[in-house]
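The chain contents come next:
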Amino acid sequence: MNKILQKQERLLSANQAEEESSCAPPPPECKDQAFVPEKTSRDELDLLYEEAIYTVVNQVGVPSPEYVTNEGDIFNYLQKAFDMGQEEHEIILQRVKESKKASFSLRVSVMKGKNLMAKDANGYSDPYCMLGILLGQSPKDTEEKKERKFSFRKRREKLEKRSSVKEVLAGRDIQVTDVKPETLNPVWNEHFVFDIDDVHNDLLHLDIWDHDDDVSVAEACKKLNEISGFRGMGRYFKQIAKSVRANGAAASGSEENADDFLGCINIPLNEIPVVGFDKWFKLEPRSSASKVQGECHLILRLFTTQRDTALSKMATNVTIHKKMLSQILAYEHKQIQKEPFNWNGQVCAAAWTVLSHHAVQADLSPLQQAIIRWQCYSSHHRSQRMSYALLLRLLKTVEAEWEDGAVQGELEGLLEESFRLYCDYCLSQMKSMHQIFPCNNPAAIIRCELMLRSIGHMQSMAAFQVVCSNRTELHMEIATVIKKGTVEWYEGIISTIKPDEGVDFFSISYRQLEKLVADDVNVAMERVCGNLEQESSRLTQTMGETLFELYMSLKSLKRFRDFLPLKDTKMLALTGFHNWFKTSIHKWLQIVHEKSTERIHKAVETDMLELIQSQSKHSSSAVDITACFSQVRVFWAQLAWPDSAGAFIFITRLTDNFCSEAVCYAELIKRKIERGQLGRDHKGFIVQVCVALNSVEHVRGYLGALPKELDWRGVEQAMEESCGLEGKEQVNKSLNGQLYNVDLDLQREAKRLITYLTERMVPELRRCIQHISLSPDSINNDEAVAPLMKYLDDTLVILNDSLVKENLTRVMQSLWELLLRMILDAVAENRGVQALVRFFHADGDGLLLEDLKSGDYKGLDEELRLNKCSSFELIEQYFLEKISQQRILKHSRFGRVSVKCYYDAPEQRLTVEILHAADLIALDANGLSDPFVIVELCPHHLFPASRSQRTQVKLKTLHPVFDELFYFHVSPEQYRHRCACLTFTVMDYDWLSTNDFAGEAVAPLSDFCWPGRPSATPAGKTLQPVILHLSRQKPSEKPIMKMLDARTGDREAQEFVRKLKEIEKSMEEE
């Protein structure tokens, strides 16, 4: 078969030569004829260059690592970018150095605080901020500042030492935020601007205070025009706070209401980064004795308010920055040699340094910078194309920074024009998209996709909808342009085609050749099929290979019909040629099944049940079987039967063969193990059985992939189209049924192997369990269990190393069940007690059996019986006892509840009406209760999907009226359990503590749901209500509760006990 497939692959590769896709650049885009790039004159370039040099000379702020800090390197770059000679550069540089230094201001945004100290009795504070600029300090003062923390409240002797602060300070230099009442996390969001005298030495100082009276601190700041006689801003701030209380009615000269200090922040201006601060600052104390906490969020940015350049006096900062970016952008793009059309817009470090400093000094907001970048890049793109991914990213940046009402005037016009021009440019490209973005050029396809995404994103932006509000039909413009461009392209293509009046040599010769081949093959296949249909006839291997080659050759010949004109493909002689091979394929499937079975027998016989490699845990026979299956599957894929509905019969046969062969393999492996052809030592035996289990699981996993490998989905759709839903159901029933049955068979064989494995462990396990049962009381539990644990530990190590995950789970489950049975059998046999009974009975000569099996013996026997029960069985026994007690309860001092229950059998719905309760016990101090009723189906493991429901609370009454309906879904399988019941728990609602338990009652479902009961008929609604008397027994008094409580490792048991203990605790607290 492999020879046939290799020969066919060589034939197909010769007939189907694939063209290698080229990596050529995309065709050039259409130039915008209306776009004329702005040409900067030499004089304008000189002025712009002066602006750039002035920016570098007056740069402030701490640069980040990506900035260039060497001025010489920046000047060299600017000379190249602005095409400036050395002599002109020196002249402009000298002029800048002689000009007036830039004047700087600091914009401070006090945003919010968090985790401030609570100073008021209510556990909050009323915080406000006071901030100002400390004037420049000498180097000596700076060194002193490092040794001590600055505070607005200094002792006079320390303040007098500071001579660098002005004697007179204007009140307008102090800024105050609003007071935020009763909060430890204030939100101010207030903005201030300070003029800076010395940007390298000045310091920003901020205090946060707790306001303690009603007088406005800001008003006090305004009233104090000048404060003299103080040598520090700290005293000035303190004087303001005093002035507030002096002018307020509540102060009366006392400082009981003095504002409390919450912390301060000192920020040297020379530590602010170029792009400013946007961070949380930790509050500092004013002295070592101060205790402060919390943080304050500040946004700080330095900018110039006055620039001594010619260009800054003629144009706005937005215009200057736009021209500077355009000049640098044009230069940077020229330096790109590889794929300039795909440039991502990244500039060098020197260019980024100049542009960042200028944007900061020009006080351009992030939104203004984003708009300028978008305008410059989109404008440059119209003359020299770049990456559309870059333009899309710039649009997203504008969208992220956009704020309604933040763009007006010049910037709004700039944004509107850029949007309009970019839309027009993209529309012009779409009109010629067949030439600009050809389908055979991957790079062009990517650019087209990104261009469409960018213009689609632009249309959805809030910025576009604001500045281009009249352009709401952009999608219609795109559709119109594409239609028009497609028509022009099609007409252009048609105009270049000339009618061919020659002879269609291929069509004539192919149709003739195809007819000759079809006639000959049809006659030959009729003869072959006639022979194969005879009972004694068999398909030989040589004949099978010949027929397969013939089929594949006809399939290749038929493929050439794709090159025929459409009118010539309708009535070809080879149409339906696959039907000639149906009989031979059936014969071939039979032979393949026989050969596969022989191969399976041989593979199992030679299998030594050893791992073929360290990564896999199955043996060589599993590999042989799956390889055999894969060869058949590859053959079927090569066959590519064209009739999907007709292929159903073959796929059913193939699946059946695979399944029967897999079961045969599993039985042979099991038989090989049972014959005892395994290692004699304990470990070797376990390893070989594990390898056999893994081999069966490997084959089982291969069969699980058959639906995808054989395209069951395609067959299902084809059968549905030809036969309707019945055909689809037939496929599902047949194929899925086969797979389901073989899965059960393989799991059964695997279970037999596991049983064979665990049976070999029984003697050793029994010895270990007997050791536990015969151990004296003087030996602790760990010593008694030690032999069993060591044996299990050694065995599980081998199993873990030898089994795949699925089989390890199965073996451990089987071993666990075996251990449980053996332990339960040991308990049930109770050899010691029975031996004593026989000894004292003495074959009738001793005590009577009736005397021996009474009193304490019954208690012991009952406890042993309960020990044998599972947790679920114990819980069911608990509810059976409660049902029995409820039936005999005819009177109760805890009150009663009236209910109606009726069952709708067709809907499987149980309706519960809780009508009223009476004579409930008083659980509140006022001699009454606030009762409500919880109704639920029990036991919970029988009703896992059911949830408890409750009535409304009735306040201050011992005779509540509820009249509420509840519905539960109950199936016949559920209500047939004797322990299945409804529980009604009456609780007293407490607002400040846990609810109190008032009593409970149970009602078995057999009273309502069984067929023939009056409540299980349509007349059930008219029945009289049932009176249930309440009880208040302590659950811990029951033996079953003690038994469940002792099972600490059982989650279900512990959860059941926990709920009952909560009720008992409520009863003890009353």
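Quick caveat: nothing in here was measured; it's all calculated off a predicted structure.

Bridge count between strand β1 (residues 103–114) and strand β10 (residues 295–306): 11 bridges; the pairing is antiparallel. Opposite Phe-104, over in β10, you have Thr-304 as the bridge partner. Sheet topology note: the strand β9 (residues 277–282)/β10 ladder contains six bridges and is antiparallel. Each residue of the ladder has a partner; that of Phe-281, found in β10, is Cys-296.

Here we take up the sheet that holds β10. Adjacent strands of a sheet pair through backbone hydrogen bonds, lying either parallel or antiparallel. Here we have four strands laid out as an open sheet, ordered β5-β1-β10-β9, and antiparallel in their pairing. Both outer strands of the open sheet, β5 (187–196) and β9, are each paired with one neighbouring strand and no more. Direction aside, neighbouring strands of the sheet carry axes that sit 25° apart on average. Both β1 and β5 contribute to a ladder of eight bridges, which runs antiparallel. Considered in β5, the bridge of Val-110 is made with Glu-190.

Under the criterion given, the structure shown has 25 salt bridges. Between Lys-114 and Glu-295 there is a salt bridge, with its nearest N and O atoms 3.6 Å apart. One end of the pair, Lys-114, is in strand β1; the other, Glu-295, is in strand β10, with 181 residues separating them in the sequence. Glu-295 sits in the partly exposed class, given a relative accessible area of 26%. Between Lys-1061 and Asp-1045 there is a salt bridge, with the nearest N and O atoms lying 3.2 Å from each other. Residue Lys-1061 is located in helix α36 (residues 1051–1069), and its partner Asp-1045 is located in helix α35 (residues 1039–1046); the two are separated by 16 residues in the primary sequence. Since its relative accessible area comes to 29%, Asp-1045 is described here as partly exposed. Within this structure, Glu-697, Arg-700, Asp-743 and Arg-810 form a network of salt bridges that share partners.

Another aspect to go through is the layout of surface pockets. Here the largest pocket is characterised by a volume of approximately 1,400 Å³. Every residue lining the largest pocket is counted, 47 residues in all, and those nearest its centre are Arg-301, Leu-364, Ser-365, Pro-366 and Gln-369. Of all the elements in the fold, those that place two or more residues in the lining of the largest pocket are β1, β5, β9, β10, α9 (317–334), α10 (349–361), α11 (366–383) and α12 (388–401). With six residues, the single largest contributor to the lining of the largest pocket is α11. Of the residues belonging to the lining of the largest pocket, the class tally is 24 nonpolar, 14 polar and nine charged.

The first and last C-alpha atoms of helix α20 (residues 582–606) sit 36 Å apart over 25 residues, in line with the 36 Å expected at 1.5 Å per residue. Looking at α20, one finds that the buried residues are Ser-584, Ile-585, Lys-587, Trp-588, Leu-589, Ile-591, Val-592, Ser-596, Ile-600, Ala-603 and Val-604.

On to the side chain of Gln-974. Assignment of secondary structure puts Gln-974 in helix α34 (residues 972–975). Contact partners of Gln-974, with chain neighbours within four places excluded, come to Leu-942, Phe-943, His-969 and Ala-980.

Together, Trp-489, Tyr-490, Ile-493 and Ile-494 line one region of the surface with nonpolar side chains, adding up to about 380 Å² of accessible area. By secondary structure assignment, the location of Tyr-490 is in helix α17 (residues 474–495).

In this section: the pairing of strand β15 (residues 961–969). For a regular strand, the rule is simple: side chains alternate between the two faces of the sheet. Where burial is concerned, the two faces of β15 differ: the one with Phe-962, Glu-964, Phe-966 and Phe-968 is buried and the one with Val-961, Asp-963, Leu-965, Tyr-967 and His-969 is not. Bridge analysis of strand β12 (residues 909–918) against β15 gives seven bridges, and the strand direction is antiparallel. Within β15, the position partnered with Arg-909 by the bridge is His-969.

On inspection of all chains with the given rule, the structure shows eight cavities of 30 Å³ or more. Of the pockets and cavities examined, the largest cavity occupies roughly 120 Å³. Taken together, Leu-539, Gly-544, Leu-547, Phe-548, Tyr-551, Phe-581, Ser-584, Ile-585, Trp-588, Phe-635 and Leu-639 form the lining of the largest cavity. Those elements that place two or more of their residues in the lining of the largest cavity are α19 (541–559), α20 and α21 (620–639). The element that contributes the greatest number of residues to the lining of the largest cavity is α19, accounting for four residues. Per-class residue counts for the lining of the largest cavity are nine nonpolar, two polar and no charged.

Once that is clear, we can look at α11. Look at α11: 27 Å from first C-alpha to last across 18 residues, which is about the 26 Å you get at 1.5 Å a residue. Counting buried residues in α11 gives 14 out of 18 residues, a clear majority hidden from the surface.

Time to look at unusual backbone geometry. A cis amide bond links Cys-938 to the next residue, Pro-939, at an omega of -5°. Relative to the helices and strands, Pro-939 resides in the loop between β13 (931–938) and β14 (949–950). One non-glycine residue with positive phi stands out, namely Glu-182, at about 50°. Looking at where Glu-182 falls in the secondary structure, it is placed in the loop between β4 (175–176) and β5.

This part takes up the sheet that holds β12. Read from one edge to the other, the open sheet built from four strands follows the order β15-β12-β11-β18, with strand pairing classed as antiparallel. Of all the strands in the sheet, just β15 and β18 (1026–1029) have a single pairing partner and so form its edges. Here the average twist between neighbouring strands, direction ignored, is 30°. Of the pairings in the sheet, the one linking strand β11 (residues 896–904) to β18 comprises four bridges and is antiparallel in character. Bridge pairing links Arg-896 to His-1029 in β18.

A few words now on the environment of Ala-998. With respect to the element layout, Ala-998 can be found in strand β17 (residues 996–1004). Residues Ala-998 and Pro-931 lie 67 residues apart in sequence; the distance between their C-alpha atoms is 8.1 Å. With residues near it in sequence (within four places) discarded, Ala-998 still touches Phe-894, Ile-921, Leu-923, Val-986, Met-987 and Arg-1032.

The subject of this paragraph is the packing of helix α2 (residues 42–57) against helix α3 (residues 71–81). Between two packed helices, the angle of one axis relative to the other and the distance separating the axes together describe the packing. Between α2 and α3, the least distance of the axes is 11 Å, while the angle of their chain directions is 170°. In terms of their interaxial angle, α2 and α3 are classed as roughly antiparallel. Side by side, α2 and α3 meet where Tyr-49, Ala-52, Ile-53, Val-56 and Val-57 of the first sit next to Glu-71, Ile-74, Phe-75, Leu-78 and Gln-79 of the second. Looking at the contact of α2 with α3 residue by residue, the classes come out as eight nonpolar, one polar and one charged.

Looking now at the packing of helix α13 (residues 409–431) against helix α15 (residues 442–460). At a minimum axis distance of 11 Å, the contact between α13 and α15 shows a crossing angle of 145°. In the crossing of α13 with α15, the sense of the turn from one axis to the other is left-handed. Residues Phe-419, Tyr-422, Cys-423, Cys-426, Gln-429 and Met-430 of α13 lie in contact with α15, whose contacting residues are Met-451, Leu-452, Ser-454, Ile-455 and Met-458.

Looking now at the packing of aromatic side chains. Taken as a whole and judged by the stated rule, the model has 16 aromatic pairs. Between Trp-343 and Tyr-377 the ring centres are 6.4 Å apart and the planes differ by 40°, which places this aromatic pair in the tilted class. Of this pair, Trp-343 sits in the loop between α9 and α10 while Tyr-377 sits in helix α11, and the two are 34 residues apart along the sequence. Chaining the aromatic ring pairs together yields one cluster made of Trp-374, Phe-419, Tyr-422 and Phe-464. Across from the ring centre of Phe-685, 3.8 Å away, lies the NZ or CZ of Arg-760, which sits over that ring. The ring of Phe-932 carries Arg-950 above its face, with NZ or CZ at 4.0 Å from the centroid.

Here we take up the state of the cysteines. Inspection of the entire model under this criterion finds zero disulfides. Cys-448 provides the cysteine sulfur closest to Cys-439, a residue in no disulfide bond, and the two sulfurs are 8.9 Å apart. A relative accessible area of 75% means that Cys-439 is categorised as exposed.

The biggest cluster of nonpolar side chains holds 108 residues, and the ones touching the most others in it are Leu-78, Leu-106, Val-110, Trp-374 and Phe-419. When residues in this core are grouped by element, the largest group, 10 residues, is from α13. Looking at which domains feed residues into this core, each of domain 1 (38–102 + 307–364) and domain 2 (106–137 + 169–243 + 257–301) supplies at least three. Grouped together as the second largest cluster of nonpolar side chains are 93 residues, Leu-564, Ile-686, Leu-703 and Met-761 included.

As a further point, take the side chain of His-205. Residue position: His-205 is located in strand β6 (residues 203–210). On the accessibility criterion, His-205 (0% relative accessible area) is buried. Of the polar contacts made by the side chain of His-205, one reaches the side chain of Asp-207; its length is 3.0 Å.

Cut-offs and rules
Residues numbered from 1 in each chain as written. Predicted model: local features only at pLDDT ≥ 70, side-chain atom pairs only at ≥ 80, totals over all residues. Heavy atoms only, no water. Pairing = 2+ DSSP bridges. Helix = DSSP H or I, 4+ residues; strand = E, 2+ residues; numbered from the N terminus. Axes fitted to C-alpha atoms, helices over the stretch in contact; angles between N-to-C directions. Salt bridge = Lys/Arg side-chain N within 4 Å of Asp/Glu carboxyl O. Buried < 20%, exposed > 50% of the residue type's maximum accessible area, 1.4 Å probe, protein only. 1 Å grid on protein atoms, 1.4 Å probe; cavity = no way out; pocket = protein on both sides within 12 Å on 5 of 7 lines; lining within 4 Å. Points joined across faces, edges and corners; volume = space filled by probe spheres on them. Nonpolar A, V, L, I, M, F, W, Y, C, P; charged D, E, K, R; others polar. Expected span 1.5 Å × (residues − 1). Contact = heavy atoms within 4.5 Å. Patch = residues over 30% accessible without salt bridge, like charges linked within 9 Å, V, L, I, M, F, W, Y side chains within 5 Å. Areas by Shrake-Rupley, 256 points an atom, 1.4 Å probe, with all protein chains shown as cover. Parallel < 35°, antiparallel > 145°, perpendicular 65-115°, else oblique. Left-handed = near helix turned anticlockwise from the far one by under 90°. Phe/Tyr/Trp six-rings, centres within 6.5 Å; stacked < 30°, edge-to-face > 60°. Lys NZ or Arg CZ within 6 Å of the ring centre and 35° of its normal. Disulfide = S-S within 2.5 Å. Core = buried A, V, L, I, M, F, W, Y, C linked by side-chain atoms within 4.5 Å. Domains from an automatic or database assignment. Polar contact = N/O pair within 3.5 Å; in protein donor to acceptor, adjacent residues only side chain to side chain.

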